[in-house]
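# Structural description and commentary
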Amino acid sequence: MNHVSTSIGPRPLIDTFGRQITYLRLSVTDRCDLRCVYCMKARPEFLPKSDLLSHEELTQVCDAFIRRGVTKIRITGGEPLVRRDIANLIDNLGNRLETTGLDEICLTTNATQLPRYANQLVSAGVKRINVSLDTLDEAKFSELTRGGKLAATLDGIDAADRAGLKIKINAVALKGDNEHTLHELIEWAHGRKFDVTLIEIMPMGEVDAERSDQFLPLSVLRERFAQHWSMTDLPDTTGGPSRYVRIDETGGRLGFITPLTSNFCAGCNRVRVTCTGQLYMCLGQSGSLDLRGALRAGGADALDACLDEAMAIKPKAHDFNIDRGSAPAVDRNMSHTGG
Ligand code: SAM
Ligand code: SF4
């Protein structure tokens, strides 16, 4: 493993509410091989490739965060594994594990490209991945992803499992859509020893549907599950937005991410960088800083100054509201910000 000189700097990233930022979510592309109905339009306009940060620049951005005490980086997108030089980027980051303060690289993926990449991810030091899978119903999967093949995602999951990656399944709960197939998904995932997290839809960017028609409060699902399963609340060990229960009947863990019905911002430890180098301090607010401009104009010092500015302006909480007819909380889609 190469030695990389990215020691932890003396100045941790602490915002004005006293929250320390130790977690970076890095979107490496806004492109995707699926078109999930809640994530993007059927015919999205993707960013010109020339606007994207190169993998060397993405690595420099990561180094700037690692120097300031970030210990965990999640690679996301769009679909991160459709970016052509993704293996180089993940290898570069892998070199930072054990040689810097970086403890963990993880990935959020739709799994379609995992048969090709699972072993490489493991070699680079990735141990855990989140796979987005909203239903095991083939027709429903095709409808929700606008033409995706369930078998391709399941093959990807099998490849990751064989390679030894720890897998968590993330599913967005959609009213009147996949809601009645989620119990089957949970039983299947727990049978394979995968945790599952359910996510409330967030009003991010324009999609072709009315958001309030898609929104299903997870409290409704929880009550419904309680009629069939005994669920025990688990203590919060992740520090993230998910609240977990253990389901006695399946033996597995089920998490709930409820940005709309209960706010988790007080414990926020993260920021997000897009594939064009926009730094977003909050998923549900529009304020951002231009890391690409800073990096190209002033290198590592300018990046560092941007991180100080980010801590000065990180908002207290998101501004999501999903009332009928209300505009999206932010105009960018999740595929742009990085979920
Ligand atoms: N393509 C990869 C995937 O699907 O896992 C990574 C990017 S995707 C944007 C990350 C996560 O965001 C997925 O789990 C997806 O279901 C979720 N997501 C996308 N749009 C969303 C929205 N409007 N509200 C809630 N979750 C959303
Ligand atoms: Fe692609 Fe992920 Fe968005 Fe689905 S949720 S369209 S897989 S980026």
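Going by the structure above, here's the rest.
## Some details on empty space enclosed by the protein
Where empty space is left can be seen by rolling a probe of water-molecule size over the atoms. With the rule as written, the count across this model stands at one cavity of 30 Å³ or more. Taken as a whole, the largest cavity encloses approximately 60 Å³ of empty space. Considering the residues around the largest cavity, the lining is formed by Leu 81, Ile 86, Ala 87, Ile 90, Asp 91, Tyr 117, Gln 120 and Leu 121. Contributions of two or more residues to the lining of the largest cavity are made by helix H2 (86-94) and helix H3 (114-124). Sort the elements by how many residues they give to the lining of the largest cavity and H2 lands first, with four residues. Of the residues belonging to the lining of the largest cavity, the class tally is six nonpolar, one polar and one charged.

## What to know about the side chain of Thr 109
Assignment of secondary structure puts Thr 109 in strand E3 (residues 104-109). For Thr 109, a relative accessible area of 2% corresponds to the buried category. Side-chain polar atoms of Thr 109 contact the backbone nitrogen of Ala 111, separated by 2.9 Å. Contacts of Thr 109, omitting those with residues within four sequence positions, involve Glu 79, Leu 81, Leu 114, Ile 129, Asn 130, Val 131 and Ser 132.

## Topic: the site of ligand 1
Residues in close proximity to ligand 1 total 17 residues, the closest being Tyr 38, Gly 78, Glu 79, Ser 132 and Met 202. Glu 79 places a polar side-chain atom, nitrogen or oxygen, 3.2 Å from a nitrogen atom of ligand 1. The contact in question runs from an oxygen atom of ligand 1 to an N or O atom on the side chain of Ser 132, over 2.5 Å. Per-class residue counts for the shell around ligand 1 are six nonpolar, eight polar and three charged.

## Notes on H2
Buried within H2 are the following residues: Ile 86, Leu 89, Ile 90, Leu 93 and Gly 94. All buried residues of H2 project into a common sector of 140° when viewed along the axis, lining one side. Where H2 is buried, its residues contact helix H1 (55-67), strand E2 (72-76), E3 and H3.

## Here we look at the pairing of strand E10 (residues 270-273)
Residues Arg 270 and Arg 272 of E10 are buried on one face, and the alternating residues Val 271 and Val 273, pointing to the opposite face, are buried as well. Where strand E1 (residues 23-27) meets E10, four bridges bridge the pair, whose relative direction is parallel. When the sheet's bridge partners are listed, Leu 24 is paired in E10 with Val 271. In this structure, E10 lies alongside strand E11 (residues 278-280), joined through two bridges in antiparallel fashion. Opposite Arg 272, over in E11, you have Tyr 280 as the bridge partner. Connecting the antiparallel pair E10 and E11 is a turn made up of four residues, with Gly 277 showing a positive phi of about 85°.

## Quick notes on the sheet that holds E11
Reading across from one edge, E7-E8-E9-E6-E5-E4-E3-E2-E1-E10-E11-E12 is the order of the 12 strands in this open sheet, with mixed pairing throughout. Because the sheet does not close on itself, it has two edges, and the strands there are strand E7 (231-233) and strand E12 (288-290). This sheet shows a mean twist of 25° between the axes of neighbouring strands, independent of strand direction. Note that strand E5 (residues 166-173) and strand E6 (residues 195-200) share six bridges and pair parallel. When the bridges of E6 are listed, Ala 171 appears paired with Leu 198.

## A look at the pairing of strand E9 (residues 253-257)
Most of E9 sits out of view: five of its five residues are buried. Here E9 shows a buried face lined by Arg 253, Gly 255 and Ile 257 and a second buried face lined by Leu 254 and Phe 256. Relative to E9, E6 runs parallel, the two being bridged by four bridges. By the bridge assignment, Val 196 is partnered in E9 with Leu 254. Sheet topology places strand E8 (residues 243-247) next to E9; four bridges connect them, and they run antiparallel. Bridge pairing in E9 links Arg 243 to Phe 256. Taking the residues between adjacent antiparallel strands as the criterion, E8 and E9 are bridged by five residues, where Gly 251 takes a positive phi near 80°.

## A closer look at the packing of aromatic side chains
Tallying each qualifying case throughout the model produces two aromatic pairs. Where Trp 188 meets Phe 194, the ring centres are 5.9 Å apart and the plane angle is 70°; that geometry is what we call edge-to-face. Both rings, one in Phe 225 and one in Trp 229, keep their centres 5.2 Å apart while their planes meet at 45°; by these two values the pair is tilted. The class of Phe 225 is buried, set by a relative accessible area of 5%.

## Regarding the environment of Ala 139
With respect to the helices and strands, Ala 139 occurs in helix H4 (residues 138-144). Given the relative accessible area of 55%, Ala 139 is considered exposed. Once the C-alpha coordinates of Ala 139 and Lys 149 are considered, the two residues, 10 residues apart in sequence, prove to be 9.0 Å apart.

Parameters at a glance
Residues numbered from 1 in each chain as written. Chains lettered and ligands numbered in written order. Predicted model: local features only at pLDDT ≥ 70, side-chain atom pairs only at ≥ 80, totals over all residues. Heavy atoms only, no water. 1 Å grid on protein atoms, 1.4 Å probe; cavity = no way out; pocket = protein on both sides within 12 Å on 5 of 7 lines; lining within 4 Å. Points joined across faces, edges and corners; volume = space filled by probe spheres on them. Helix = DSSP H or I, 4+ residues; strand = E, 2+ residues; numbered from the N terminus. Nonpolar A, V, L, I, M, F, W, Y, C, P; charged D, E, K, R; others polar. Buried < 20%, exposed > 50% of the residue type's maximum accessible area, 1.4 Å probe, protein only. Polar contact = N/O pair within 3.5 Å; in protein donor to acceptor, adjacent residues only side chain to side chain. Contact = heavy atoms within 4.5 Å. Near = heavy atom within 4 Å. Arc of directions from axis to C-beta. Pairing = 2+ DSSP bridges. Axes fitted to C-alpha atoms, helices over the stretch in contact; angles between N-to-C directions. Phe/Tyr/Trp six-rings, centres within 6.5 Å; stacked < 30°, edge-to-face > 60°.

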